[in-house]
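This is what each chain is made of:
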Amino acid sequence: KIPASSSSQSTTTSLSLIRSLDPKPFVEDCWQHSTRPDGRIFAQGRPTKVVFGMLKHSAGSALVQLQHPSSPHRPEAASSASTKILAATTLQIGQPAPDQPDEGDIVVQVTGTGGKNMGSDFKSHQQPHWDVLQPWLQRILEEGGIPSQLNLITGKACIRLVVTVLIIEDGGNLKDASLLACMAAWKDTKLPVVGKDLVEVQGKFWWKQGRSITSQQPPESEADLVETNSESRDFRMSLSMGVWVHPTSRTTHLLVDPSAEEEPFLEGTLTVVISMSTHQLQVDYAGKVALTATDLALAAKLAKGRAEELQTVLVPTR
Amino acid sequence: INTTSTMTTRTTSSRRPDGRASEGTLRPLACELSCLHRADGSALWKAGSTHVLAAVYGPIAPQNINNENTTQGVVSVVIKSGKTDNNQLREYEMGEFLHNVLESCVDVRRFPRCVIQVVLQIIQFDGSLLACLLHSAVAALMDAGVDLLYIPVATTCLVASTSASASRLDKDDHKKNTTTTTASIRLDPTSAEEEEDKDTSIIVLVNEQNRPERVLGTHSLGPGVSLDELLACVQVASKACPAIPAFFRLALEQKISRECQTLWSR
């Protein structure tokens, strides 16, 4: 007589083995039952955790984690398939470009650690994603109006904001996590003020003695606090959705925040970038399935809902 | 004081900087097929002053075994422009978008373990580049005889929002402000029009020839648009969609008739 506990354990082991060897039937079976492999519904994203001020010596930093919801079928997955991105900003002062004398510059660098969820074939599999992630982040940050806020003295001095994005864990949906990390790091960044943090000596700018520009420095006054948490900054967030068509009913479904387990079997990925202040949208989509105007409207509605959630998350906690 | 806002979409009949009659007019198209002899298929696509040369090699065996897919073919897209590093990043993004669109329209199940290489050379740039890249790639694929599931058609829309405020007195003598936001949509913009105003957005919509009301791909640049403006662009693109496949047919018919004349004249 087989004890009940060992039979359930062997069933779980068999299920995990089948899922690892041929994940496609398992994932599609979940979708056909209107659920997802990690137990979420289609319109549900993973729990998001944002930690500000992670790094001591950078102008701003933030750690974003899209946590894997623990599933009764796979309790060990709670710590394994999450997405962790660390973003840090550093400031460099220089001269603006002649064609844009009142704007600064943004440079985005994307790199990885080769750690968890990055196996032996990590380079060949992940590198194409990073080649596209870097220009995408650069474009979104530039179009968000950040360069215009990096001006110090028109035609003479401006700031180059270097944003370094470190992919610690890749559990899927790198775009959303990395953009949120960049925005959180930008929120955490305190920009220097000429005359207060910087002094001009012989045509060059120098940091005023004792005024370090790092996120760890506590604000001296209410004015400093307002400057760091500037309400005038426009933040952008993105919501990526996978597209899947039911094989029998042929209805199109949008899967919010696809995980790494789901991404290879999607028929397209729709990314909506929304500005939190103006609610204007940028929609990027390429896939095998044609979308209707109704699908686009639903995607926009989901993105607006996500923006409202993240507005509370992006308030820095010190 | 009450404020209300309404949105209307208009396509005016004013002349554009390049002399086109209205905002819904496409630039004149030209296409030369089989212009390269070594490639399996090639096309020189011209839309106004934007010129793109596309070459297709394949289906061939991949040089790198890691690029091989045992169940279906792989489409590889390379964009060359010879520009600086900043634009190379932009080319990566455009290349990825074109790769996704072409891989969905090519019948890759017929070519397992094969690679179809699409090389796109930007010869001259004057706006609406992504659409020209896609059309030249599709023309080169047709010239190479690669099986396509459908013909993707790209339309570039330049969206500029202008707000006009008006105030009036209502029946209770309260001042009422009305803000009317008008979205101006220009098709196939030139580079001068794209760079004219920083607040304009550019949306590239890819439709299917047989179902133009549906969207196969979108790519957005600029500060962004509202949902109404996006849906208006989808509607405008669906109306402009039939023009490109008709031009493809014309170009192919001319090429075949020219080759027949050359063949039978020997």
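Residues numbered from 1 in each chain as written. Chains lettered and ligands numbered in written order. Predicted model: local features only at pLDDT ≥ 70, side-chain atom pairs only at ≥ 80, totals over all residues. Heavy atoms only, no water.

Caption draft 1: Spotlight on the overall build of chain A. When you go through chain A residue by residue, the secondary structure sums to 6 helices and 12 strands. A separation of at least 24 residues holds for 72% of the contacts in chain A among residues at least 6 apart in sequence. For chain A, the exposed area adds up to about 14,900 Å²; of that, 54% sits on carbon and sulfur atoms. (Helix = DSSP H or I, 4+ residues; strand = E, 2+ residues; numbered from the N terminus. Contact = heavy atoms within 4.5 Å. Areas by Shrake-Rupley, 256 points an atom, 1.4 Å probe, with all protein chains shown as cover.)

Caption draft 2: The packing of aromatic side chains, seen in detail. Taken as a whole and judged by the stated rule, the model has 4 aromatic pairs over all chains. Centre to centre, the rings of B:Trp45 and B:Phe248 are 5.4 Å apart; their planes meet at 50°, and the pair counts as tilted. You can see B:Trp45 sitting in strand β3 (residues 41–47) and its partner B:Phe248 sitting in helix α5 (residues 243–264), a full 203 residues away along the chain. Under the relative-accessibility criterion, B:Trp45 is labelled buried at 0%. Directly above the ring of A:Trp136 sits A:Lys175, whose terminal nitrogen or CZ lies 4.9 Å from the centroid. (Phe/Tyr/Trp six-rings, centres within 6.5 Å; stacked < 30°, edge-to-face > 60°. Buried < 20%, exposed > 50% of the residue type's maximum accessible area, 1.4 Å probe, protein only. Lys NZ or Arg CZ within 6 Å of the ring centre and 35° of its normal.)

Caption draft 3: Representation of the state of the cysteines. All names here are of chain B. Considering all chains together, one arrives at 0 disulfides over all chains under this definition. In this structure Cys-35 is a free cysteine whose sulfur lies 8.1 Å from that of Cys-31, the closest cysteine sulfur available. Among the residues examined, Cys-35 registers a relative accessible area of 22% and is labelled partly exposed. As a non-bridged cysteine, Cys-105 has Cys-241 as the owner of its nearest cysteine sulfur, 13 Å distant. What makes Cys-105 buried here is its relative accessible area of 0%. (Disulfide = S-S within 2.5 Å.)

Caption draft 4: Region of interest: empty space enclosed by the protein. Residue and element names in this part refer to chain B. For the coordinates displayed, the defined rule picks out 3 cavities of 30 Å³ or more. Empty space within the largest cavity amounts to approximately 140 Å³. Leu-26, His-135, Ala-154, Asp-188 and Ile-244 are, among the 14 residues lining the largest cavity, the residues nearest its centre. Only β3, α2 (129–144) and β7 (152–169) provide two or more residues apiece to the lining of the largest cavity. (1 Å grid on protein atoms, 1.4 Å probe; cavity = no way out; pocket = protein on both sides within 12 Å on 5 of 7 lines; lining within 4 Å. Points joined across faces, edges and corners; volume = space filled by probe spheres on them.)

Caption draft 5: Structural view of the sheet that holds strand β2 (residues 29–33) of chain B. Residues and elements named next belong to chain B. Overall, mixed pairing links the 5 strands, which are arranged β2-β3-β4-β6-β5 in an open sheet. The two strands at the open ends of the sheet, each matched to only one other strand, are β2 and β5 (74–80). Ignoring strand direction, the axes of neighbouring strands in this sheet form an average angle of 15°. Bridge analysis of β5 against strand β6 (residues 115–124) gives 7 bridges, and the strand direction is parallel. Bridging across to β6, Ser-76 finds its partner in Gln-117. (Pairing = 2+ DSSP bridges. Axes fitted to C-alpha atoms, helices over the stretch in contact; angles between N-to-C directions.)

Caption draft 6: Region of interest: the pairing of strand β3 (residues 83–94) of chain A. Bridge count between strand β2 (residues 60–66) of chain A and β3(A): 7 bridges; the pairing is antiparallel. Each residue of the ladder has a partner; that of A:Val64, found in β3(A), is A:Ile85.

Caption draft 7: Representation of the interface of chain B and chain A in the model. Taken together, the contacts link 28 residues of chain B with 27 residues of chain A. Summed over both sides, the interface of chain B with chain A buries roughly 2,500 Å², with 57% coming from carbon and sulfur. Joining chain B to chain A, the criterion identifies 1 salt bridge. Of the charged contacts, one joins A:Arg139 and B:Glu93 as a salt bridge, the two residues approaching to 2.7 Å between their closest N and O atoms. Applying the counting rule to chain B against chain A returns 12 residue pairs in polar contact (both at pLDDT 80 or more). The set of elements that each furnish at least two residues to the side of chain B that touches chain A consists of α1 (85–105), β10 (215–221) and α4 (227–240) of chain B. The element that contributes the greatest number of residues to the side of chain B that touches chain A is α1(B), accounting for 8 residues. The sheet contact formed by strand β12 (residues 281–291) of chain A and β10(B) spans 3 bridges and is antiparallel. Across the sheet, residue A:Ala286 finds its bridge partner in β10(B), namely B:Gly217. (Buried area = accessible area lost by both parts, 1.4 Å probe. Salt bridge = Lys/Arg side-chain N within 4 Å of Asp/Glu carboxyl O. Polar contact = N/O pair within 3.5 Å; in protein donor to acceptor, adjacent residues only side chain to side chain.)

Caption draft 8: View of unusual backbone geometry. The residue after B:Gly58, namely B:Pro59, is reached through a cis peptide bond having omega 5°. Inspection of the secondary structure puts B:Pro59 in strand β4 (residues 50–60). Even without a glycine there, the phi angle at A:Arg250 is positive, about 60°. Inspection of the secondary structure assignment puts A:Arg250 in the loop between β9 (236–245) and β10 (252–256).

Caption draft 9: Broad picture of α2(B). Residues and elements named next belong to chain B. Between its first and last C-alpha atoms α2 spans 22 Å; for 16 residues at 1.5 Å apiece the expected length is 22 Å, and the two agree. Among the 16 residues in α2, 14 count as buried, and that is most of the element. Looking at the residues trailing α2, positive phi occurs at Gly-145, about 80°. (Expected span 1.5 Å × (residues − 1).)

Caption draft 10: Structural detail: the nonpolar core. Of all hydrophobic cores here, the largest spans 79 residues; its most connected members are A:Leu137, A:Leu141 and A:Leu270. If you tally residues by element for this core, the top one is helix α4 (residues 174–187) of chain A, at 10 residues. When residues no more than four places from it in sequence are discounted, the contact partners of A:Leu137 are A:Val108, A:Val110, A:Val165, A:Ser178, A:Leu179 and A:Cys182. Among the nonpolar cores identified, the runner-up in size contains 49 residues, and B:Trp45, B:Leu130, B:Ala154 and B:Phe247 belong to it. (Core = buried A, V, L, I, M, F, W, Y, C linked by side-chain atoms within 4.5 Å.)

Caption draft 11: Inspection of the confidence of the model for chain B at higher detail. Residue and element names in this part refer to chain B. Summary statistics for chain B give a mean pLDDT of 83 and a share of 82% for residues scoring 70 or more. Across residues 1–12 the pLDDT falls below 50, and counting only partners more than four positions away or on other chains, this stretch makes 33 contacts in the model. For this predicted complex, the interface score ipTM comes out at 0.83, while the overall pTM is 0.84. (pLDDT = per-residue confidence, 0-100.)

Caption draft 12: How the structure looks around the pattern of salt bridges. All names here are of chain B. Scanning the entire structure with this criterion turns up 28 salt bridges over all chains. Of the charged contacts, one joins Glu-193 and Arg-16 as a salt bridge, the two residues approaching to 3.0 Å between their closest N and O atoms. In this pair, Glu-193 sits in helix α3 (residues 191–194) while Arg-16 sits in the loop between β1 (2–10) and β2, placing the two residues 177 residues apart along the sequence. When sorted by exposure, Glu-193 lands in the same class as Arg-16, which is buried. Residue Lys-255 pairs with Glu-259 through a salt bridge whose shortest N-O separation is 3.8 Å. Placement of the pair is Lys-255 and Glu-259 together in helix α5, with a separation of 4 residues, close to one helical turn. Relative accessible area serves as the criterion here: at 12%, Lys-255 is assigned to the buried category. Linked through salt bridges whose partners overlap, the residues forming this network are Arg-16, Asp-18, Arg-20, Glu-23, Arg-27, Asp-126, Arg-186, Asp-188, Glu-193 and Glu-196.

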